[in-house]
Amino acid sequence: LLAVIMAFHANRRVQPQDRAGFWIGGFFAALVLQLYTAFYPFFFFVLGLTAALIAAVFTRDGRSALRRFARNNAGPLIASAVASLVAALPLLVRYYSTAEEVGLRPYNFDRLPHTLSWFLMGGSNWLYGWIHGIPSMTWAQLSRHHNGVGLITIVLVVIGLWHARRNRVLQLIMVALAVLFFVTLRMPGDWSLWQLVRFTVPGAAAIRAVSRVAMVLLFPAAIGLAFYFDKLVERRRFLIAGVLFVLVAA
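Model, not experiment: these values are computed from the prediction. (Residues numbered from 1 in each chain as written. Predicted model: local features only at pLDDT ≥ 70, side-chain atom pairs only at ≥ 80, totals over all residues. Heavy atoms only, no water.)

(A) Geometry of the side chain of Ser 80. For Ser 80, the location among the structural elements is in helix H5 (residues 74-102). You can call Ser 80 buried: its relative accessible area is 13%. Engagement of the side chain of Ser 80 in a polar contact is seen with the backbone oxygen of Pro 76, the distance being 2.8 Å. Once residues within four sequence positions are removed from consideration, Ser 80 is found in contact with Ile 24, Gly 25 and Phe 28. (Helix = DSSP H or I, 4+ residues; strand = E, 2+ residues; numbered from the N terminus. Buried < 20%, exposed > 50% of the residue type's maximum accessible area, 1.4 Å probe, protein only. Polar contact = N/O pair within 3.5 Å; in protein donor to acceptor, adjacent residues only side chain to side chain. Contact = heavy atoms within 4.5 Å.)

(B) Representation of a nonpolar patch on the surface within the structure. Taken together, the side chains of Leu 53, Ile 54, Val 57, Phe 58 and Leu 66 define a hydrophobic patch exposed on the protein surface, amounting to about 480 Å² of accessible area. Considering each element in turn, the nonpolar patch owes the most residues, three residues, to helix H3 (residues 39-57). (Patch = residues over 30% accessible without salt bridge, like charges linked within 9 Å, V, L, I, M, F, W, Y side chains within 5 Å. Areas by Shrake-Rupley, 256 points an atom, 1.4 Å probe, with all protein chains shown as cover. Salt bridge = Lys/Arg side-chain N within 4 Å of Asp/Glu carboxyl O.)

(C) Geometry of the pattern of salt bridges. Going through the model one piece at a time under the given rule, you end up with three salt bridges. The residue Asp 61 makes a salt bridge to Arg 168 at a minimum N-O spacing of 2.6 Å. One end of the pair, Asp 61, is in helix H4 (residues 60-72); the other, Arg 168, is in helix H7 (residues 168-184), and 107 residues separate them in sequence. Exposure remark for Asp 61: the relative accessible area of 45% places this residue in the partly exposed category. The closest approach of N and O atoms between Arg 186 and Asp 190, which form a salt bridge, is 2.7 Å. A cluster of three or more residues bridged by salt bridges with shared partners is formed by Asp 110, Arg 186 and Asp 190.

(D) How the structure looks around the confidence of the model for the protein. With 97% of its residues at a pLDDT of at least 70, the protein reaches an overall mean of 89. Summarising per-element confidence for the protein, the mean pLDDT is lowest in helix H1 (residues 2-12) (84) and highest in helix H10 (residues 238-249) (95). (pLDDT = per-residue confidence, 0-100.)

(E) Structural view of the side chain of Arg 186. Checked against the element boundaries, Arg 186 lands in the loop between H7 and helix H8 (194-200). There is a polar contact of 2.7 Å between the side chain of Arg 186 and the side chain of Asp 190. Ignoring anything within four residues of it in the chain, the contact list for Arg 186 reads Phe 109, Asp 110, Leu 112, Pro 113, His 114, Trp 191 and Ser 192.

(F) Seen up close, the layout of surface pockets. The calculated volume of the second largest pocket comes to roughly 500 Å³. In this structure, the second largest pocket is lined by 19 residues; those nearest its centre are Trp 118, Ile 154, Val 157, Leu 177 and Ala 221. Among the secondary structure elements, those contributing two or more residues to the lining of the second largest pocket are helix H6 (151-163), H7 and helix H9 (214-234). A breakdown of the residues in the lining of the second largest pocket according to their chemical character gives 15 nonpolar, four polar and no charged. (1 Å grid on protein atoms, 1.4 Å probe; cavity = no way out; pocket = protein on both sides within 12 Å on 5 of 7 lines; lining within 4 Å. Points joined across faces, edges and corners; volume = space filled by probe spheres on them. Nonpolar A, V, L, I, M, F, W, Y, C, P; charged D, E, K, R; others polar.)

(G) Expanded view of unusual backbone geometry. In this model, Asp 190 sits at a positive phi of 60°, which is unusual for a non-glycine residue. Assignment of secondary structure puts Asp 190 in the loop between H7 and H8. Backbone geometry at Arg 236 places phi at a positive 60°, although glycine is not the residue there. In this structure, Arg 236 sits in the loop between H9 and H10.

(H) Highlighting the nonpolar core. Core analysis: the biggest nonpolar cluster contains 35 residues, and Phe 27, Phe 39, Phe 43, Phe 44, Leu 180, Trp 194 and Ile 207 have the highest contact counts within it. At the level of secondary structure, the elements contributing two or more residues to this core comprise H1, helix H2 (21-37), H3, H5, H7, H8 and H9. Beyond its immediate stretch of four places on either side in the chain, Phe 39 contacts Gln 34, Tyr 95, Gly 203, Ala 206 and Ile 207. Residues Ala 164, Leu 170, Tyr 228 and Leu 232 belong to the second largest nonpolar core, which totals 12 residues. (Core = buried A, V, L, I, M, F, W, Y, C linked by side-chain atoms within 4.5 Å.)

(I) Main features of the packing of aromatic side chains. Here the structure, examined in full by the defined rule, presents 11 aromatic pairs. Judged by centre distance (5.0 Å) and plane angle (80°), the ring pair of Phe 22 and Trp 23 falls under edge-to-face. Summarising the aromatic geometry, the rings of Phe 39 and Phe 42 are spaced 6.4 Å apart at their centres and angled 40° between planes, so their arrangement reads as tilted. Of the two residues, Phe 39 and Phe 42 both sit in helix H3, three residues apart, roughly one turn of that helix. The two residues Phe 39 and Phe 42 agree in class, both being buried. Following the ring pairs from residue to residue traces out a cluster consisting of Phe 39, Phe 42, Phe 43, Phe 44, Tyr 95 and Trp 194. The lysine or arginine in question, Arg 165, covers the ring of Trp 162, its NZ or CZ lying 4.0 Å from the ring centre. Over the face of the ring belonging to Phe 199 we find Arg 198, whose NZ or CZ atom lies 5.3 Å from the ring centre. (Phe/Tyr/Trp six-rings, centres within 6.5 Å; stacked < 30°, edge-to-face > 60°. Lys NZ or Arg CZ within 6 Å of the ring centre and 35° of its normal.)

Printed below as a string of structure tokens:
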């Protein structure tokens with residue numbers, strides 16, 4: 001979350017005289033702290049961020065913005081990247097030696113999310129627990145498939161993202177969301193793009209429960225929800241906002 005905030009503030013400094021060294025340093029520091037505290041959110045966040053950067057390169061405005069940002073902040077970018085690599089190196093060496101000793105995770109399609117995994121909340125959920133009682137949903141009892149935020153919440157998120165669809169930053173976030181969703185999805189026939197990712201992306205073969213990508217996908221969901229509630233508040237529909245807030249929380 002800190003990395004998202006730091007990246008947002010750094011990106012707002014677009015004039016040559018505006019220096020974003022503090023925010024750039026904070027962004028890299030947040031990534032290092034995330035690596036040391038929990039590898040899964042770090043890996044999926046960086047994977048989504050990489051997808052967004054690649055998408056930006058393929059647009060004229062994106063290339064222009066990236067060149068301008070790199071030119072104006074070359075010093076802080078290089079210094080922060082080197083410092084973060086030095087700080088992360090002891091843990092990376094330890095991870096590598098452990099992988100050499102015990103090996104990496106085998107590919108297991110049972111630990112990939114289904115399409116329906118994104119609508120499941122767990123059997124104890126107040127509003128949606130009944131879904132897990134459906135006879136055909138026995139596979140859904142495993143907690144790794146409980147990736148949903150609630151059916152009502154999903155609808156509000158989609159509406160909020162649609163209203164803000166012209167926002168360039170949000171467009172890149174949606175690219176990252178789509179990439180993370182599709183590369184981890186379990187397809188019919190137990191096939192998945194994750195088979196390719198784990199052999200080509202460093203660190204991917206260390207992921208056991210791939211379905212935990214849901215931890216990172218909460219960020220775009222929260223952004224879409226915020227856009228939706230902003231619209232309600234602007235229109236002074238406080239009662240509707242209050243009722244919907246309770247349903248989202250439940």
